[in-house]
Amino acid sequence: MRQIARRGFVTGAAGVVAGVVAGTAGAGEAVAVPQTVPKARTGGSSGQEARSHSVSVARRELRGMWVATVANIDWPSAPGLTAAEQQAELIAYLDEAVDRRLNAVILQVRPTADALWPSPYEPWAQYLTGVQGQDPGWDPLGTAVREAHRRGLELHAWFNPYRVANHTDPSRLIPTHPARLHPDWVLPYGGKLYYNPGLPEVRRFVQDAMLDAVRRYDIDAVHWDDYFYPYPVAGQVFDDDATYAKYGADFPDKAAWRRDNTDKLVRETAERIKKIKKNVQFGISPFGVWRNAATDPLGSDTKAGVQTYDDLHADTRGWVKKGWIDYICPQIYWNIGFAAADYAKLLPWWDEVVRGTGVDLFVGEALYKAGDPAQPAAWQDPAELSRHLDFAAGYDQVRGHVYFSGKDVVTDRIGTMAQVVADHYRHRVRPPR
């Protein structure tokens, strides 16, 4: 995310916080093996203390990596490669996942209201050929699913619901783009174009576009990241006043109405996924802070400059408590001891949120920060992420970790991923299904 941040490559939300508050197995052949795992911790003891009381169990866990396509962050490495070159790069990421003993790849297949499969709803993504709407000559999503499963990997299809373009000029979209055909659906904000989440027809359309992939491919999960209403941009207004005037009469304020719009998107999508294919999971990877405790006593002991409930109008905690999603993967993208948003405080908070809900908790890990000289000193230590997994092992609701992003898994700037694998991933295991 720091090279070009996943958060729309505006300032990464983790950066916003700092700024505001100072062996290959075939499909089905990856097996769980006995590992020494700590007994569950209910709070109060340190990670080291928890590790001193261990039992030997066969542990399933998710070990994933995100592969981002927006702006060619990870893949393809550049627009305009040949189909053979694109395929070779994609296969290399899958092989890297196997080599690192991961078991899931989260591939971004709808980065900007477009598609990495032959969609009847939206154009081919420009990140393939360099030209929006141009057929790349192959089916990236279909190939990814097939080749991932051959390697014993899950393939989670990652969609962005509302982002239309990373610019504000509709004329740069192809003439048949839905945003051109329905200009009343689109709002500019922060140098980008977004579909308006307050319009019922928009919510239905984006669901239809995403669910096309569920119907046509054997994906293991529908995955969303942290974009709902856009991250706040100082001095700019997301101008949905007219939509609020039309649809918001039953709500005390615009914020409540916006949250309800996001709730509807999540709940309706969840219901429709299960009607199409019961075994396809629905997971969301939000910004790591729901609300600060100073804002809400139910919130985390943090001082984050962004709170998803208030700023993105996304009640991430509520979705877990209501059981609308199968897993949540909060982006806890800060080091242990980071004052504004401490990993060691956020992870226990999320552990408690999911307890008793049946929703799996996976932890989003900021591998991209490791060895980045712009990051705090903790990120210059190759052992930082391994310490995260040590700490997380003391919390029984944590069912795995996902690393951002694929390029960083491959380059592994200071050996951080290698240390995680050596310390924690000695054998391949199945995901927690």
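Conventions used here
- Residues numbered from 1 in each chain as written.
- Predicted model: local features only at pLDDT ≥ 70, side-chain atom pairs only at ≥ 80, totals over all residues.
- Heavy atoms only, no water.
- Phe/Tyr/Trp six-rings, centres within 6.5 Å; stacked < 30°, edge-to-face > 60°.
- Helix = DSSP H or I, 4+ residues; strand = E, 2+ residues; numbered from the N terminus.
- Buried < 20%, exposed > 50% of the residue type's maximum accessible area, 1.4 Å probe, protein only.
- Pairing = 2+ DSSP bridges.
- Contact = heavy atoms within 4.5 Å.
- Axes fitted to C-alpha atoms, helices over the stretch in contact; angles between N-to-C directions.
- Salt bridge = Lys/Arg side-chain N within 4 Å of Asp/Glu carboxyl O.
- Left-handed = near helix turned anticlockwise from the far one by under 90°.
- Nonpolar A, V, L, I, M, F, W, Y, C, P; charged D, E, K, R; others polar.
- Lys, Arg positive; Asp, Glu negative; His and termini not counted.
- Polar contact = N/O pair within 3.5 Å; in protein donor to acceptor, adjacent residues only side chain to side chain.
- Parallel < 35°, antiparallel > 145°, perpendicular 65-115°, else oblique.

By the definition in use, this model includes 26 aromatic pairs. Measuring from ring centre to ring centre gives 5.4 Å for Phe 287 and Trp 334, while their planes differ by 85°; the resulting arrangement is edge-to-face. Separated by 47 residues along the polypeptide, Phe 287 in the loop between strand 10 (281-284) and helix 10 (308-311) and Trp 334 in the loop between strand 11 (327-328) and helix 12 (343-354) bring together distant segments of the chain. Each member of the pair, Phe 287 as well as Trp 334, carries the same accessibility label: buried. Summarising the aromatic geometry, the rings of Tyr 368 and Phe 404 are spaced 6.0 Å apart at their centres and angled 90° between planes, so their arrangement reads as edge-to-face.

Okay, the sheet that holds strand 13 (residues 398-403) next. Pairing within the closed barrel is parallel, and its eight strands lie in the order 3-4-5-9-10-11-12-13. The pairing of strand 10 with strand 11 spans two bridges and is classified as parallel. Counted as the bridge partner of Gly 283 is Tyr 327 from strand 11. Together, strand 11, strand 12 (360-365) and strand 13 form the strand contacts of helix 12, whose direction differs from that of strand 12 by roughly 160°. With respect to the sheet, helix 13 (residues 384-392) is in contact with strand 12 and strand 13, its orientation differing from that of strand 13 by roughly 165°.

Next up on the list: the pattern of salt bridges. Considering all chains together, one arrives at 26 salt bridges under this definition. Between Asp 296 and Arg 291 there is a salt bridge whose closest N-O contact spans 3.0 Å. Here the two residues Asp 296 and Arg 291 agree in accessibility, since each one is buried. The salt bridge involving Arg 355 is made with Asp 351; its shortest N-O contact spans 2.6 Å. With a relative accessible area of 27%, Arg 355 lands in the partly exposed category.

Bringing the packing of helix 12 against helix 13 into the picture now. Taken N-terminus to C-terminus, the directions of helix 12 and helix 13 make an angle of 40°; their axes are 11 Å apart at the nearest point. Here the hand of the crossing between helix 12 and helix 13 comes out right-handed. Note on element contacts: helix 13 touches helix 12 through His 388, Phe 391 and Ala 392, opposite Tyr 343, Ala 344, Leu 347 and Pro 348. In the contact of helix 12 with helix 13, the residues fall into six nonpolar, one polar and no charged.

Okay, the environment of Arg 430 next. One can find Arg 430 in the segment after helix 15 (416-424). Here Arg 430 falls in the partly exposed class, since its relative accessible area comes to 29%. Each C-alpha atom, one on Arg 430 and one on Asn 103, is 6.7 Å from the other, the two residues being 327 residues apart in sequence.

Time to look at the side chain of Asp 74. Tracing the backbone through its elements, the reader meets Asp 74 in the loop between strand 3 (62-67) and helix 3 (83-99). Buried Asp 74, no salt bridge; nearest opposite-charge side chain is Lys 407, N-O distance 5.0 Å. For Asp 74, the side chain forms a polar contact with the main-chain nitrogen of Lys 407, separated by 3.0 Å. Residue contacts for Asp 74: discarding those within four places in its chain leaves Trp 66, Val 67, Ala 68, Tyr 93, Ser 405, Gly 406 and Lys 407.

Running from amino to carboxyl end, helix 3 crosses helix 5 (residues 140-150) at an angle of 30°, the nearest separation of the two axes being 10 Å. The pairing of helix 3 with helix 5 is recorded here as roughly parallel in orientation. Both helix 3 and helix 5 take part in a crossing whose hand is right-handed. Touching Leu 90, Ile 91 and Leu 94 of helix 3 are Pro 140, Ala 144, Glu 147 and Ala 148, all from helix 5. Its residues assigned to classes, the contact of helix 3 with helix 5 shows six nonpolar, no polar and one charged.

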